[in-house]
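Tertiary structure, described
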Amino acid sequence: STCALPISVETEKKVIAAMIQYCAATVVASVVLIPVAGLGWVYGVTTTVLGALFLAGTIALGRKPTPGGSMKLFSFSISYLSLVFVALTVDVLVR
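Everything in this summary refers to the structure shown in the same document. (Residues numbered from 1 in each chain as written. Predicted model: local features only at pLDDT ≥ 70, side-chain atom pairs only at ≥ 80, totals over all residues. Heavy atoms only, no water.)

All chains considered together, the criterion is met by 2 salt bridges. Salt-bridge contacts for Arg95 lead to Asp91; the nearest nitrogen and oxygen are separated by 3.3 Å. A relative accessible area of 58% places Arg95 in the exposed class. Given the relative accessible area of 2%, Asp91 is considered buried. (Salt bridge = Lys/Arg side-chain N within 4 Å of Asp/Glu carboxyl O. Buried < 20%, exposed > 50% of the residue type's maximum accessible area, 1.4 Å probe, protein only.)

With that settled, the discussion passes to helix α3 (residues 67–94). The end-to-end C-alpha separation of α3 is 40 Å, in line with the 40 Å expected for 28 residues at 1.5 Å each. Three or more residues of α3 are buried, namely Leu73, Tyr80, Val84, Ala87 and Asp91. Lining the buried residues of α3 we find α1 (12–36) and α2 (41–63). (Helix = DSSP H or I, 4+ residues; strand = E, 2+ residues; numbered from the N terminus. Expected span 1.5 Å × (residues − 1). Contact = heavy atoms within 4.5 Å.)

Turning to the side chain of Asp91, a few remarks are in order. Examined against the element boundaries, Asp91 turns out to sit in helix α3. A distance of 3.3 Å separates a polar atom in the side chain of Asp91 from the backbone nitrogen of Val42. For Asp91, the residues in contact, after removing those within four places along its chain, are Leu39, Gly40, Trp41, Val42 and Tyr43. (Polar contact = N/O pair within 3.5 Å; in protein donor to acceptor, adjacent residues only side chain to side chain.)

Another aspect to go through is the side chain of Thr58. You can see Thr58 is positioned in helix α2. Discounting chain neighbours no more than four positions away, the residues touching Thr58 are Met19, Ile20, Cys23 and Leu73.

Considering soluble globular proteins, one finds that nonpolar side chains tend to be buried as a cluster. Of all hydrophobic cores here, the largest spans 11 residues; its members are Cys23, Val27, Leu39, Tyr43, Leu50, Phe54, Leu61, Leu73, Tyr80, Val84 and Ala87. Not counting chain neighbours up to four residues away, the residues in contact with Leu61 comprise Met19, Thr66, Gly69, Ser70 and Leu73. (Core = buried A, V, L, I, M, F, W, Y, C linked by side-chain atoms within 4.5 Å.)

Where α1 meets α2, the closest approach of the two axes is 10 Å, and the angle between their N-to-C directions is 175 degrees. When the interaxial angle is binned, α1 and α2 end up roughly antiparallel. Where α1 approaches α2, its residues Ile16, Met19, Ile20, Cys23, Ala24, Val27, Ser30, Val31, Leu33 and Ile34 are matched on the opposing element by Tyr43, Gly44, Thr47, Thr48, Gly51, Phe54, Leu55, Thr58, Ile59, Leu61 and Gly62. A class-by-class count of the residues in the contact of α1 with α2 yields 14 nonpolar, 7 polar and no charged. (Axes fitted to C-alpha atoms, helices over the stretch in contact; angles between N-to-C directions. Parallel < 35°, antiparallel > 145°, perpendicular 65-115°, else oblique. Nonpolar A, V, L, I, M, F, W, Y, C, P; charged D, E, K, R; others polar.)

Have a look at this one:
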């Protein structure tokens, strides 16, 4: 006998809404660190600009979803996270 895993398929509209919500939460959490952790302008500018681009890209993908757009946003999300960590490190080291 085989064990079947439950399958849950959401509508495209629900997936897009969830993506935008999670992206917004990620950006807000990144920006909130500026005053909470006493971070400086390097981190502040980097996370604000990249966060705005990330959220705009997510919204744009939601308006016109394509496989190519999905891969671009996925690639950007990895770069976003890496660059935010680099900015955090640089910000702490230059103070």
